[in-house]
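Residues per chain are reported as follows:
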Amino acid sequence: MAAEACASSPSPEQQGWTVLERDGYRYPPGLQLNLPFYLFRRFFRPGNPIVLFEHLARTYGRIAHYRLGFSHIVFINEPEFIREILIQQPQNFIKERTQRRMKILLGEGLITSDGEVHKRQRRIVAPAFHRQRIQAYGGMMVDRAAQMRAQWQAGEPIDIASQMMQLALQVVARTLFNTEVTGDVLQINDQVNVIMDLYNYLIALPRAESYLHLPIPGLVRFRRARERLDAVVQRIIAQHRADGVDRGDLLSMLLASRDDQADHSGMTDEQLRDEVLTIFLAGYETVANALTWTWYLLSQNPEAEARFHAEVDEVLGRAAPDKGRLAGIEDLPRLRYTEMVFAESMRLYPPAWAMGRQSTSVVELGPYRFPPGTYFFFSQYIVQRSASNFPDPLRFDPERFLPEQKANRPRFAYFPFGGGARQCIGEAFAWMEGVLILATIAQQWRLRFLPGQKVEVQPKITLRPKYPMLFVPERRQNR
């Protein structure tokens, strides 16, 4: 499993590396060979770009440079430089090519859009994620988790990744569409999974968006999956428009929202389609993966697991027929250790594992100066495993997220939901869902990881486990 700690390093100059100065620009040291074949052969053979990022962080420290063809690429492992890009100089950057490529699926949704389009969409979407609005979904999340835990049998193995995907799908179906997991929702899920399986292929294929009409097998699969997706989503949007009532779901809110800072218009069906798919993917895949990795880490750290269960028992009681009760949003302030467990899991296995930007003008970072068109990448997976901000970084320690510990770290030492103007709009939703589901399941079950399994990350759009993760549920003894 790619699970290296990335220690903090002195500056490249202090390490004896040569800084490249050319045409008025100053580049940090890095890979000298401008050979795509070399890069792909050495680092991308497993289909895991994290291997390259780990090498760059381990070898060059806080910043590294290399070239791929005519493109300058900079990898950043320094919170202050990340803050410069996301907070101090956002006007000098757009989404990089890999994320822009996702427009062929997500259109101009919040993840992929830039500039004024993104600002307008964010203004329109924001009311749907107001705290009071999303808190109304807390009871539904707990009910679905309680239904799932009731289906498990002590001693019968379950694939926790599959189970968390099913649970997250039920939550997104109810919160986004106010429906159960119908045939339409399953169709969306199936086609999204087809496209996810094609993700690395679509990213690696040069100018894929220009060749979508050609009879290339991978592109034909993508085109058909997207057509099926569009048909289902557009039918759901049409049904909601025809009803003309607020069903209490996010789609109803999106239909009703207006841009109050501009022309007071709402979203077209095409814009709604883009945001529905964006919310579906971001609100389903990410939380499911975060929960999966949390159960795995708890199973490997019995002291933290025992403290986690003790807090759940103290706040809720155990789920015996005559004892305990289901969690509610009013319990969130008291489930602090549970929240810290979830936070530490997303430190080690962040669902959104990497980000990138492309500069639109000259950019200066520290002693370096880069031309327009430079690509900048930074990885939550790498930065959040840095020994400079997280001593003994591979150790699972939820107490890293005590208030005093958090206050002593740079802002972008930990950023599982991104940062700046593009910080994930559903962050509060994800925290609520994660904590409530963990507490609800832990009331009744202790999950034991079956030994002998191979555990490896699969970095696609989100950080999935590459293989099934089998657990045996053990019923916790009632008091």
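That block above? That's the structure.
Criteria and thresholds
Residues numbered from 1 in each chain as written. Predicted model: local features only at pLDDT ≥ 70, side-chain atom pairs only at ≥ 80, totals over all residues. Heavy atoms only, no water. Helix = DSSP H or I, 4+ residues; strand = E, 2+ residues; numbered from the N terminus. Buried < 20%, exposed > 50% of the residue type's maximum accessible area, 1.4 Å probe, protein only. Contact = heavy atoms within 4.5 Å. Areas by Shrake-Rupley, 256 points an atom, 1.4 Å probe, with all protein chains shown as cover. Axes fitted to C-alpha atoms, helices over the stretch in contact; angles between N-to-C directions. Left-handed = near helix turned anticlockwise from the far one by under 90°. Salt bridge = Lys/Arg side-chain N within 4 Å of Asp/Glu carboxyl O. Core = buried A, V, L, I, M, F, W, Y, C linked by side-chain atoms within 4.5 Å. Phe/Tyr/Trp six-rings, centres within 6.5 Å; stacked < 30°, edge-to-face > 60°. Lys NZ or Arg CZ within 6 Å of the ring centre and 35° of its normal. Nonpolar A, V, L, I, M, F, W, Y, C, P; charged D, E, K, R; others polar. Expected span 1.5 Å × (residues − 1). Pairing = 2+ DSSP bridges.

## Focus: the overall build of the chain
Here comes step 1: A tally of helices and strands in the chain yields 19 helices and 14 strands.
Here comes step 2: Per-residue burial over the chain gives 54% buried out of 479 residues.
Here comes step 3: For the chain, contacts bridging at least 24 residues in sequence account for 74% of all contacts bridging at least 6.
Here comes step 4: Counting only carbon and sulfur atoms, one obtains 51% of the accessible surface of the chain, whose full area is about 20300 Å².

## Details of the packing of helix H9 (residues 160-177) against helix H14 (residues 269-300)
Here comes step 1: Interhelical geometry of H9 versus H14 gives an angle of 145 degrees and a closest axis separation of 8 Å. In this structure, H9 meets H14 at a crossing whose hand is right-handed. From H9, Ile160, Ala161, Met164, Met165, Ala168, Leu169, Val172, Leu176 and Phe177 reach across to H14, where they touch Val276, Ile279, Phe280, Tyr284, Glu285, Ala288, Asn289, Leu291, Thr292 and Trp295.

## Overview of the pattern of salt bridges
Here comes step 1: The full count for this structure, using the stated rule, is 30 salt bridges.
Here comes step 2: Between Arg120 and Asp259 there is a salt bridge whose closest N-O contact spans 3.7 Å. Linking Arg120 in helix H6 (residues 115-125) with Asp259 in the loop between helix H13 (250-256) and H14, this pair joins segments that are 139 residues apart in sequence.
Here comes step 3: The buried category is assigned to Arg120, whose relative accessible area is 16%.
Here comes step 4: Linked by salt bridges that have partners in common, Glu305, Arg446, Arg448 and Glu474 make up one network.

## Some remarks on the nonpolar core
A general feature of soluble globular proteins is that nonpolar side chains tend to end up buried together.
Here comes step 1: Ranked by internal contacts, the top residues of the largest apolar core, which has 124 residues, are Met164, Ile188, Phe280 and Trp295.
Here comes step 2: Setting aside its immediate chain neighbours within four residues, Trp295 contacts Ile160, Met164, Phe308, Leu438, Ile441, Ala442, Leu447 and Phe471.
Here comes step 3: Formed by 20 residues, the second largest nonpolar core is a distinct cluster that contains Val74, Ile76, Leu86 and Phe412.

## Details of the packing of aromatic side chains
Aromatic ring pairs are defined here through the distance separating the ring centres and the angle between the ring planes.
Here comes step 1: If you walk through the whole model with that rule in mind, you get 19 aromatic pairs.
Here comes step 2: Here Trp293 and Tyr296 contribute two aromatic rings whose centre-to-centre distance is 6.3 Å and whose plane-to-plane angle is 80 degrees, an arrangement assigned as edge-to-face. On the criterion of helical spacing, the pair formed by Trp293 and Tyr296 is a turn pair, its members being three residues apart in helix H14. No difference in accessibility class separates Trp293 from Tyr296, as the two residues are buried.
Here comes step 3: Residues Phe412 and Phe415 carry aromatic rings whose centres are separated by 5.6 Å and whose planes lie at 70 degrees to one another, so their mutual orientation is edge-to-face. Grouping residues by exposure puts Phe412 and Phe415 together as buried.
Here comes step 4: One aromatic cluster is present, formed by Tyr27, Phe93, Tyr368, Phe370 and Phe376 through successive ring pairs.
Here comes step 5: Between Arg347 and the ring centre of Phe390, over which it is positioned, the NZ or CZ distance is 4.9 Å.
Here comes step 6: Its guanidinium or amino end placed over the ring of Tyr349, Arg385 lies 5.3 Å from that ring's centre, counting from NZ or CZ.

## Remarks on the packing of helix H16 (residues 336-348) against helix H19 (residues 427-444)
Here comes step 1: Where H16 contacts H19, the two axes come as close as 9 Å, and the packing angle between them is 115 degrees. You can see that H16 and H19 cross each other, and the crossing is right-handed. Residues Thr338, Glu339, Phe342, Ala343 and Met346 of H16 touch H19, and the partners they reach there are Ala430, Trp431, Gly434, Val435 and Leu438.
Here comes step 2: By residue class, the composition of the contact of H16 with H19 is seven nonpolar, two polar and one charged.

## Re the environment of Val341
Here comes step 1: Note that Val341 resides in helix H16.
Here comes step 2: For Val341, a relative accessible area of 0% corresponds to the buried category.
Here comes step 3: Separated by 97 residues in the primary sequence, Val341 and Leu438 place their C-alpha atoms 9.5 Å from one another.
Here comes step 4: With sequence-adjacent residues up to four places away left out, Val341 is seen in contact with Thr294, Leu298, Phe308, Phe396 and Pro398.

## Some thoughts on unusual backbone geometry
Here comes step 1: Even without glycine at this site, Asp23 takes up a positive phi of about 55 degrees.
Here comes step 2: Considering the arrangement of structural elements, one finds Asp23 in the loop between strand E1 (20-22) and strand E2 (25-27).
Here comes step 3: Notably, Asp392 is not glycine yet its phi reads approximately 50 degrees, a positive angle.
Here comes step 4: In this fold, Asp392 is placed in the loop between helix H17 (380-383) and helix H18 (403-407).

## A word on helix H10 (residues 183-197)
Here comes step 1: Taking 1.5 Å per residue, 15 residues should reach 21 Å; H10 reaches 21 Å between its end C-alpha atoms and fits that length.
Here comes step 2: Restricting attention to buried positions, one finds in H10 the residues Val185, Ile188, Asn189, Gln191, Val192, Ile195 and Met196.

## Re the sheet that holds strand E11 (residues 445-449)
Sheets are built from strands that pair by backbone hydrogen bonding, the pairs being arranged parallel or antiparallel.
Here comes step 1: Pairing is antiparallel across the open sheet formed by three strands, whose spatial order is E6-E14-E11. For this open sheet the edge positions go to strand E6 (158-159) and E11, each flanked by a neighbour on one side alone.
Here comes step 2: Docked against the sheet, H14 engages E11 and strand E14 (470-475), running at close to 80 degrees with respect to E11.

## Overview of the sheet that holds strand E5 (residues 93-95)
Here comes step 1: Across the sheet, which stays open at both edges, the five strands sit in the order E3-E4-E10-E7-E5 with mixed pairing between neighbours. Edge positions in the open sheet fall to strand E3 (63-68) and E5, since each of these has one partner strand only. Across the sheet, the axes of successive neighbouring strands diverge by a mean angle of 30 degrees, strand direction being ignored.
Here comes step 2: Where E5 meets strand E7 (residues 355-359), three bridges bridge the pair, whose relative direction is antiparallel. The partner of Ile94 across the bridge, within E7, is Gln358.
Here comes step 3: The strands that helix H2 (residues 50-60) touches are E3, strand E4 (71-76) and strand E10 (375-378); relative to E3, the one it contacts most, it runs at about 130 degrees.
Here comes step 4: Against the sheet, helix H3 (residues 79-88) touches E3, E4, E5, E7 and E10, its axis set at about 125 degrees to E10.

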